[in-house]
Amino acid sequence: MKIKHKIYLYIISIIIIVFVISIGIISNNYRKMSLKDARKLTDSYIRQSSNLAKSKLNHDYGIIKGFENAFSGISNINFKQREKMYHNILRKGLLKNAQYLSIWVSWELSEIDSTWKKPYGRYRTSAIKEYGEIKFYIDTPETTGHSYGSIYYKSKISRKDLLVDPYYYVYNKEKGDSILEASLGVPILEKDKFIGLIGIDVTLDWFDNLTEKIKPFDNSYSFMISNNGMIISHPNKKNIGKFYQEIFKDNDDKYEVLNKINNGEYFSFNSTDTLTNSLVYTSFAPITFGSVSTPWAIALVVPDSIIMEKAYRNFNISLFVGFIGLIILSILIIFISQMITNPLIQTTQILKDMDSGLIDKERKIKIKSKDEIGEMANSVNNLIDTLNNTVNFARRIGKGDLSAEYKALSKNDELGNALLEMRKNLIQAKKIEQERKIERKKYNWRQKGIANIGELLRLYSDDIGDFSQKIINSLTKYMKASQGGLYIIDEKDGKKYIELIASYAYDKKRRLQSIIEIGENLIGRCVQEKETIYITNVPEGYTYITSGLGENTPDSILIVPLIFEHEIYGAVELASFNKYEQFEIEFTKIIGERIASSISNIKRNTNASKLLEQSRRQSIELSRKEKESNEYINKLQQAREKALSKEAESVGVLDAISAFASVIHYDTLGNIIKIDNNNIQFDYLNELEIGKNHKEFDMAYENNPEWYYKFWLDLKNGKTRQRMLRLGYKDEELIKEIYTPIYSKSGEIDKIICIGISVNKINL
């Protein structure tokens, strides 16, 4: 009888009878009971966590509702005063709630501007935190039509509170930092009429911190999902921002997770976790607030091994009970094992040594039997040879010899194939590390160059000549070029040309050719096309690099246009005996853009100085003329006051004024009812006609509507208003207008008279 038959007959049959009957029944009952209790406890924890998240959202929702109540209550106040009030409210809201990124409010444009009759268009004000400061941004989007997919339009149609699915937003485009946030919105209603939308943008870090604290069991974790399936918190940060159906597609298909989240259901299931690759129990609880119809969900994941921990403890008790039975069995096992274990002693000892790491190829088993013992001996001997070869291979790999040879026993040789895969990965890792060192060296070189030349741009930003020479000297040396030139676009007699204003190591011939037409040779072509030119086959005679050994044609020419904000300012030329790599060319482009920016600033500062001097002279002349005008207007004012005492005398005064000034009669709505154009020097009166409204030809209505409405409101309240009006472009004419309300006999304002006087043509 073979050994395995003896084991089956004398040992395994007894173990199966004793342990299956005693331990199987006990452990199975305890397992079911423990599993049920643990799952109830898990569901209870996730419901508590859901309530915490709900309280957070309800808190934010309560704040927004407070804003909504405040704003809807001030909608009948003058818009300018109202805007100051809710600016102050938005600022306080951001200061008191550090987790808010911004608070914004949008009003229907028809509520702000009574002349706006279209059903779309809105006036939006956003308060945003930027580096510790609160800034306000105002715009009027959707003036050409509805944006049907926007938050505003959804709220306008549904008139319900909104919880927008999370999204990434960049607040600083220069740094490119993006923040995962969500928006909460509440419609502003007035007598069941939609007039606007108030909302906040909140960072989701709070929910991430909440889920990190939810660990009621060892190795358990929680995560949170938005209504559209986006994961907004997860212990594996790489999963944040991804969608549940992408990572857990099988779970979504099998258990309809997203549908249940949208329905706001409590549910749970068992699955294999992608994070731990183990069987887990997952419980979901919905998160809602206010009247929002798009709930989120929070989930708790607990490994089955943790849930079964109590069952395993009970199982150990069962094992102890079964141990008593093992004592009885041991007597029989010892007796039976004596008959079969003696031949195994030698094999066992060798296996123990191998188990402790001792591999001796000289110590092999010498057994000639052909039963299972003999087969085992041959297998052990082969194992010794294999492990010895494996050790030698591993040692060579450990010493850095990645060329060491090793042959797996077969395709099923997991250890051998793993070692070969390890060698392959080490070779690949070594190659990648070398490439990283090269890229790191390139990056450091570029950053150092940008810093050095950036410092020069800052220090020499006043004198274009000194600035140009310092920059071309530094750039040529840093690029290890032999020659360098800086060309700038200039203009003379209305014609633009390119001029060499700074050079490094140019010969006399190149310096004499300092003026280049746009489109002429490589420099002119670069400026004309605004494209970088890099050639390694330099035309004979284009340029020579002179040294003590003579003149030689360079191996490469690099010409980079100086472009800033889509405007070309010139070009930089470098000639070298070396050939440039792509990262060096990209570096030169970056420097070219910064040089162009500095040139733009220098030119702008120069032009500003000229304009400032011209403005100063014009201001002196204008002050003189305005003084003369005020004296003349005072005389007219005295005449006007006398004229108001009697209606007949008023008519006479107006007739006298119309001889040297323009007089236009308006009704209280701003419509022209009469034009006295006896004085032909005011040509602009020819463009006016009876019945035309003041806002149709006055640019102030479009440029500053708030000022315009205030101007006419003062006139309707009986106040006299004055203003200066410029006409023309080059030959500018300055008109001083006086708007005076005229009362009827009943004491009400009957009309408004505008007297226009040319300040330029007054000659007292």
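Above: the structure in question.
Bear in mind the structure is a predicted one, so any value in this text is a computation, not a measurement.

(A) Region of the structure containing the side chain of D208. Positionally, D208 belongs in helix α5 (residues 205–213). For D208, a relative accessible area of 12% translates into the label buried. At 2.9 Å, the side chain of D208 forms a polar contact with the side chain of K237. Setting aside chain neighbours within four positions, we find D208 in contact with S233, H234, K237 and I240.

(B) Quick look at the sheet that holds strand β12 (residues 296–303). With antiparallel pairing, five strands are arranged side by side in an open sheet as β9-β8-β12-β11-β10. Each having just a single partner strand, β9 (231–233) and β10 (267–272) make up the two edges of the open sheet. If you compare each strand with its neighbour and ignore which way they point, the axes differ by 30° on average. Judged from the six bridges that link them, β10 and strand β11 (residues 279–287) form a sheet pairing that is antiparallel. Bridge pairing in β11 links T272 to L279. Each of β8 (221–225), β9 and β12 is contacted by α5, which is oriented at about 150° to β8, the strand it contacts most.

(C) Representation of the sheet that holds strand β19 (residues 556–564) within the structure. As summarised here, the arrangement of the six strands in space is β15-β14-β13-β20-β19-β16, forming an open sheet in which the pairing is antiparallel. Of all the strands in the sheet, just β15 (515–516) and β16 (533–535) have a single pairing partner and so form its edges. Here β19 pairs with strand β20 (residues 567–576) via nine bridges, running antiparallel. Pairing of V560 across the sheet is with V572, part of β20. Contacting β13 (483–492), β14 (495–504) and β20, helix α14 (residues 464–478) runs over the sheet at an angle of about 55° to β14.

(D) Expanded view of the nonpolar core. Grouped together as the largest cluster of nonpolar side chains are 53 residues, with contacts concentrated most on I198, M224 and W296. With ten residues, the top contributor of residues to this core is helix α1 (residues 3–72). In this structure, L457, M479, V560 and Y580 belong to the second largest nonpolar core, which totals 29 residues.

(E) Examining the pattern of salt bridges more closely. Counted under the stated rule, the structure contains 18 salt bridges. Linking D698 and R723 is a salt bridge whose minimum nitrogen-to-oxygen distance equals 2.3 Å. Of the two residues, D698 sits in the loop between β22 (672–676) and α19 (700–703) while R723 sits in strand β23 (residues 721–727), which places them 25 residues apart along the sequence. Side by side, D698 and R723 carry an identical accessibility label, which is buried. The closest approach of N and O atoms between D714 and R721, which form a salt bridge, is 2.6 Å. R721 carries the same exposure label as D714, and that label is buried. Residues participating in the shared-partner salt-bridge network are D208, E212 and K237.

(F) Representation of the layout of surface pockets within the structure. Considering only enclosed or pocket space, the largest pocket measures out at about 950 Å³ in volume. In this structure, the largest pocket is lined by 26 residues; those nearest its centre are P705, E706, Y708, Y709 and K710. Put simply, the parts of the chain that give the lining of the largest pocket at least two residues each are α2 (79–96), α3 (109–112), α19 and α20 (705–716). No other element matches the eight residues that α20 contributes to the lining of the largest pocket. Tallied by class, the residues present in the lining of the largest pocket amount to twelve nonpolar, seven polar and seven charged.

(G) A look at the pairing of β22. When strand β21 (residues 662–666) meets β22, the two strands line up antiparallel, connected through four bridges. Note on β22: the bridge partner recorded for V663 is D676.

(H) Spotlight on a nonpolar patch on the surface. A cluster of nonpolar side chains, I17, I21 and I25, forms an exposed patch at the surface whose accessible area comes to about 320 Å². Looking at where I17 falls in the secondary structure, it is placed in helix α1. Residue classification places I17 among the exposed positions, given a relative accessible area of 54%.

(I) How the structure looks around the side chain of S233. Relative to the assigned elements, S233 resides in strand β9. Within polar-contact distance, the side chain of S233 engages the side chain of T211 at 3.3 Å. The residues contacting S233, other than those within four sequence positions of it, are F207, D208, T211, F223, M224 and I240.

(J) Focus on the pairing of β19. Across the nine residues of β19, eight count as buried, placing the element largely inside the fold. By the bridge criterion, three bridges tie β16 to β19 in an arrangement that is antiparallel. Of the residues in β19, the one forming a bridge with I535 is I557. The turn joining β19 and β20, which pair antiparallel and follow one another in sequence, is formed by two residues; a positive phi near 55° is taken by E565.

(K) Region of the structure containing α5. If you check which residues of α5 are buried, you get F207, D208, L210 and T211. The buried side chains of α5 occupy one side of the element, clustering within an arc of 160° when seen end-on.

(L) A look at the environment of I306. Along the chain, the position of I306 falls in helix α9 (residues 304–307). You can call I306 buried: its relative accessible area is 15%. Residues I306 and S220 lie 86 residues apart in sequence; the distance between their C-alpha atoms is 8.3 Å. Apart from the residues lying within four places of it in its own chain, the contact partners of I306 are F217, D218 and N219.

(M) Here's a closer look at the packing of aromatic side chains. This structure, assessed with the given rule, holds 24 aromatic pairs. Summarising the aromatic geometry, the rings of Y152 and F194 are spaced 5.5 Å apart at their centres and angled 75° between planes, so their arrangement reads as edge-to-face. One end of the pair, Y152, is in helix α4 (residues 151–158); the other, F194, is in strand β7 (residues 193–203), and 42 residues separate them in sequence. A single burial state applies to Y152 and to F194, both of which are buried. Members of the aromatic cluster, connected to one another through ring pairs, are Y221, F223, Y244, F248, Y255, F267, F269 and F284. Cation over ring: R723 sits above F711, and NZ or CZ is 5.8 Å from the ring centre.

(N) Geometry of α2. Helix length check: α2, at 18 residues, gives a terminal C-alpha distance of 26 Å against a target of 26 Å (1.5 Å per residue), a fit within 8%. Among the residues making up α2, those that are buried are F79, R82, E83, Y86, H87, L90, G93 and L94. The buried residues of α2 occupy one face: seen down the axis, they fall within an arc of 140°. Along α2, the residues that are exposed and aim more than 90 degrees away from the buried face are K84, L95 and K96.

(O) Layout of the packing of helix α13 (residues 414–459) against α14. Remark: α13 packs on α14, axes separated minimally by 10 Å, with the N-to-C direction vectors making an angle of 165°. In terms of orientation, α13 lies roughly antiparallel with respect to α14. Read as a crossing pair, α13 and α14 show a hand that is right-handed. Residues W445, K448, G449, N452, I453, L456 and L457 of α13 pack against F467, K470, I471, S474, L475 and Y478 of α14. Here the contact of α13 with α14 is built from residues that sort into eight nonpolar, three polar and two charged.

Calculation notes
- Residues numbered from 1 in each chain as written.
- Predicted model: local features only at pLDDT ≥ 70, side-chain atom pairs only at ≥ 80, totals over all residues.
- Heavy atoms only, no water.
- Helix = DSSP H or I, 4+ residues; strand = E, 2+ residues; numbered from the N terminus.
- Buried < 20%, exposed > 50% of the residue type's maximum accessible area, 1.4 Å probe, protein only.
- Polar contact = N/O pair within 3.5 Å; in protein donor to acceptor, adjacent residues only side chain to side chain.
- Contact = heavy atoms within 4.5 Å.
- Pairing = 2+ DSSP bridges.
- Axes fitted to C-alpha atoms, helices over the stretch in contact; angles between N-to-C directions.
- Core = buried A, V, L, I, M, F, W, Y, C linked by side-chain atoms within 4.5 Å.
- Salt bridge = Lys/Arg side-chain N within 4 Å of Asp/Glu carboxyl O.
- 1 Å grid on protein atoms, 1.4 Å probe; cavity = no way out; pocket = protein on both sides within 12 Å on 5 of 7 lines; lining within 4 Å.
- Points joined across faces, edges and corners; volume = space filled by probe spheres on them.
- Nonpolar A, V, L, I, M, F, W, Y, C, P; charged D, E, K, R; others polar.
- Patch = residues over 30% accessible without salt bridge, like charges linked within 9 Å, V, L, I, M, F, W, Y side chains within 5 Å.
- Areas by Shrake-Rupley, 256 points an atom, 1.4 Å probe, with all protein chains shown as cover.
- Arc of directions from axis to C-beta.
- Phe/Tyr/Trp six-rings, centres within 6.5 Å; stacked < 30°, edge-to-face > 60°.
- Lys NZ or Arg CZ within 6 Å of the ring centre and 35° of its normal.
- Expected span 1.5 Å × (residues − 1).
- Parallel < 35°, antiparallel > 145°, perpendicular 65-115°, else oblique.
- Left-handed = near helix turned anticlockwise from the far one by under 90°.

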